[in-house]
Amino acid sequence: MKLPWHTSPVRQMQREQMARLRQYLRRTVLPFSAHYRRVFAELQLDPDDLQTVDDLRFLPFTSKDDLVATPAEPNKARAFILAPDRAVLARRPGILLHTLLHGRRATQRKVEREFRPIFLTSTTGRAADPIPFLYTAYDLERLSLTGERLFGVCGAAPEMKVLNMFPYAPHLGFWQAVYGGIAAGVFTLSSGGGKVMGTEGQLRFLRKLQPQVLIGMPTFVYHVLHEAAAQGLRLSALRRIVLGGEKVPDGLRRKLGMLAEALGAPNIEVLATYGFTEAKMAWAECPHPLGEPSPGYHLYPDLGLVEIVDPDTGEPVPPETPGEIVFTPLDARGTVVLRYRTGDITDGGLHFTPCPRCGRATSRLVGRISRRSGVQAMQLDKLKGTLVDFNQLEHILDDLPGVGAWQIELRKHNDDPLELDEIILHIAATGEASEEQLVHRIDSQFARVEVHPNRILFHEAGELRRIQGVGVELKEQRLVDHRPSTAMATPSPSTKEALK
Ligand SMILES: [Zn+2]
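Residue positions within a chain follow its written sequence, with the count starting from 1. Local features in this predicted model are restricted to residues of pLDDT 70 or higher, and side-chain atom pairs are both shown and tallied only at a pLDDT of 80 or more, whereas totals for entire chains, interfaces and linings draw on every residue. Excluding hydrogens and water, the side-chain figures rest on all heavy atoms present in the structure.

A. Summary view of a nonpolar patch on the surface. Candidates for patches are residues over 30% relative accessible area with no salt bridge; among them, like charges are joined within 9 Å and nonpolar side chains (Val, Leu, Ile, Met, Phe, Trp, Tyr) within 5 Å. To be clear on the numbers: accessible area is Shrake-Rupley with a 1.4 Å probe, and residue cover counts the displayed protein chains and nothing else. What counts as a salt bridge is simple: a side-chain nitrogen of Lys or Arg found within 4 Å of a carboxyl oxygen of Asp or Glu. A surface patch of nonpolar side chains, amounting to about 470 Å² of accessible area, comprises L96, L97, L100 and L101. Relative to the helices and strands, L97 is located in helix α5 (residues 93–102). The helix count covers DSSP runs of H or I at least four residues long, the strand count covers runs of E at least two residues long, and both are numbered beginning at the N terminus.

Below, the structure written as structure tokens:
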């Protein structure tokens, strides 16, 4: 793209995005993607049919169902990997010239860098099998670029020190932070999270490094800072906490701010990032003081096209309107999905006005993001015959003063599959409120969603960490289903198996 990524006016930006999409489809996706070649042929669709963003509706959505392995089709994701065809490549205008100038071997290396998969991250779905997304060297250059931009949006500076507490795993969050630190030239210690170094390891790094920035998953960062405060640590250098991998409720931001203050770091900023495996990139919120509305996530219009659609009809919605987030990459190799339906709902939509905080003109994704799939995936509709939205319960618990870490446990009465569902709420209390007062607060808040926990059990913070599986599970368990008859909570096959 000719214009800098964050200064183009909206219309010009959208024109350039569509031009880039047409070129990307014609040169890269259609010649080398088995899936999209078939889709375009079946619909008799040509890249030139996609002139304006309105025309995107001609391009069918891709969803998780198109990728997830089934017994009949165990390799569905493979049809989305770009596989170069020698004959087609040889006709590319630049390739012949490159061979003439640099020789056949150099051209071979260039093609390998662009198309050979050498890296992978996978989805972390709680219910579904993980889906592998392959990267080539070309993709890793873009992972560096988006990492550098993400660090830039968060206000990282060369003299800062960053502690990256994301779990060490083939997941986007960890690697985006690693590549971002290197590309931005900022000292970043990637500890691997609780499973690799334990809470003790994180506390040791915090004490010795005195980082300005912490990166990690919300629940885990909360646990570590809670423990740091309990041990009387001082973290006066801390300025920012950058969170990813889960949504970040306002209540949790507030609690992190209070913990940081207790650790000698008042006035920190808590920033969320948003990214997903299928995008191979993540976006950060523009820095803003705690308690003030978020200006939103700064997108990279030259690398991806974000649309918001009505989750029921699939129709694109006007700017600044809530809806489901849909993503199309504009320069990816390896595994490529077009118009990918994330199942994530933003309540603020896409904004095209300059950012009220930093003035960048790039489009922004504004508002709270929650997972649409959460409800169905956890089969909560069957709970006591009432439809329960886990997203809502999560927000309620995170926003409740006096409630620290928590877990919702689903059981059958007496562990009998034929008995009624039970909801047990595990709580680690913080602050001054008595257990009686907290029970009252929880009951009155839960009444809003017509759910009542059968029991509320109070635990010490350490015991709750054990229940949540901090340092044992990759994601802390905030909702567990111990009902004997349900099929969920089965261990997912490893990524290796999913790749076979
Ligand atoms: Zn901004």
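B. Region of the structure containing the packing of helix α10 (residues 218–230) against helix α11 (residues 250–262). Across the interface, α10 lies against α11 with an axial gap of 10 Å and an inter-helix angle of 25°. Relative to α11, α10 is oriented roughly parallel. At the point where α10 passes α11, the crossing takes the left-handed sense. Of the residues in α11, those touching α10 at P218, V221, Y222, L225, H226 and A229 are L252, K255, L256 and L259. Classification convention: Asp, Glu, Lys, Arg as charged; Ala, Val, Leu, Ile, Met, Phe, Trp, Tyr, Cys, Pro as nonpolar; all other residues, Gly among them, as polar. Taken together, the residues that form the contact of α10 with α11 break down as eight nonpolar, one polar and one charged. Axes here mean lines fitted to C-alpha atoms, for a helix over just the part in contact, with angles spanning 0 to 180 degrees between N-to-C directions. Roughly parallel refers to an angle under 35 degrees, roughly antiparallel to one over 145, roughly perpendicular to one between 65 and 115, and oblique to any angle outside these ranges. Whether a crossing is left-handed or right-handed is set by the direction in which the near helix is turned from the far one by less than a right angle, anticlockwise for left-handed and clockwise for right-handed. Only heavy atoms enter the contact rule, under which two residues are in contact if any of them lie within 4.5 Å.

C. Inspection of helix α13 (residues 390–399) at higher detail. For α13, the tally of buried residues reaches eight of 10 residues, placing the bulk of the element in the interior. Accessible area is worked out with a 1.4 Å probe on protein chains only. A residue is then buried under 20% of its type maximum, exposed over 50%, and partly exposed in between. Listing the buried residues of α13 in full gives F390, N391, L393, E394, H395, I396, L397 and D398. In the core, the buried residues of α13 are packed alongside α11, β15 (369–371), β16 (403–412), β17 (421–429), α14 (435–447) and β19 (479–481).

D. Spotlight on the confidence of the model for the chain. Confidence per residue, as judged by the predictor, is encoded in pLDDT with a range of 0 to 100. Residues at a pLDDT of 70 or more form 91% of the chain, whose mean pLDDT is 88. In this model residues 374–381 is a low-confidence stretch, pLDDT under 50, and it forms 17 contacts with partners more than four residues away in sequence or in other chains.

E. Quick peek at unusual backbone geometry. With a phi angle near 60°, E320 is a residue other than glycine that sits in the positive phi range. Position of E320 relative to the elements: it lies in the loop between β10 (304–309) and β11 (323–329). Backbone geometry places N414, a non-glycine residue, at a positive phi of 55°. On the secondary structure map, N414 appears in the loop between β16 and β17. On the basis of relative accessible area, N414 is assigned to the exposed category, the value being 62%.

F. Representation of the environment of Q12. On the secondary structure map, Q12 appears in helix α1 (residues 10–32). Sequence separation between Q12 and L209 is 197 residues, and the spatial gap between their C-alpha atoms is 45 Å.

G. Inspection of the pairing of strand β5 (residues 213–216) at higher detail. Side chains of β5 alternate between two faces, with V213 and I215 and L214 and G216 buried alike. Here, strands pair whenever DSSP counts at least two bridges between them. Examined bridge by bridge, β5 and strand β6 (residues 240–243) share four bridges and lie parallel to one another. Across the sheet, V213 pairs through a bridge with R240, a residue of β6. For the handedness criterion, the strands are oriented away from the viewer, and a crossover whose path from the first strand over the helix to the second runs clockwise is classed as right-handed. Since β5 and β6 lie parallel, the crossover through α10 that links them has a hand, and here it is right-handed.

H. Region of interest: the nonpolar core. Definition of nonpolar core: a set of buried residues of the types Ala, Val, Leu, Ile, Met, Phe, Trp, Tyr and Cys, connected through side-chain atoms within 4.5 Å. By size, the foremost hydrophobic cluster in this structure holds 74 residues, and its most contacted members are L206, L214, L225, I241, L256, W283 and L365. Top contributing element to this core by residue count: α10, with six residues. With residues up to four places along the chain from it excluded, the contact list for L206 reads L163, P211, L214, V224, L225, A228, L233 and L235. Residues M18, V29, L59 and F115 belong to the second largest nonpolar core, which totals 31 residues.

I. Main features of the pairing of strand β18 (residues 455–459). Here β17 pairs with β18 via five bridges, running parallel. Residue A428 lies in a different strand from β18, and its bridge partner there is H459. For the crossover from β17 across α14 to β18, the handedness is right-handed.

J. Expanded view of helix α7 (residues 137–153). A helix is expected to span 1.5 Å for every residue after the first. For α7, spanning 17 residues, the distance from its first C-alpha to its last is 24 Å, which sits close to the expected 24 Å at 1.5 Å a residue. Among the residues of α7, those classed as buried are A137, Y138, D139, L140, L143, T146, G147, R149, L150, F151 and V153. Within two residues after α7, G155 carries a phi angle of roughly 80°, on the positive side.

K. Looking closely at the coordination of the zinc ion. Bound to the zinc ion on the protein side are C286 (SG), H298 (NE2), C355 (SG) and C358 (SG), at distances that span 2.1 to 2.3 Å. Coordinating donors are taken as N, O and S atoms within 2.8 Å of the metal, stretched to 3.2 Å for Na, K and Ca; because water is absent from the atoms, sites can appear incomplete. In this scheme the shape depends on donor count and angles: four donors with every angle between 85 and 135 degrees give tetrahedral, four or six donors with opposite pairs above 155 degrees and others between 65 and 115 give square planar or octahedral in turn, and any other case is irregular. If you look at the zinc ion, its four donor atoms make angles of 100 to 114° with each other, and the shape they trace is tetrahedral. Between consecutive donor residues of the zinc ion, the sequence gaps follow C-x11-H-x56-C-x2-C. One end of the pair, C286, is in the loop between β8 (281–284) and β9 (297–298); the other, C358, is in the loop between β13 (349–351) and β14 (364–366), and 72 residues separate them in sequence. Classification of C286 as buried rests on a relative accessible area of 3%.

L. Spatial organisation of the environment of R11. Relative to the elements of secondary structure, R11 occurs in helix α1. By relative accessible area, which is 67% here, R11 ends up exposed. Separated by 148 residues in the primary sequence, R11 and E159 place their C-alpha atoms 38 Å from one another.

M. Geometry of the sheet that holds β14. Spatially, β9-β14-β13 is the arrangement adopted by the three strands of the open sheet, whose pairing is antiparallel. Taken across any chain shown, the strands that pair with only one partner, and hence form the sheet edges, are β9 and β13.

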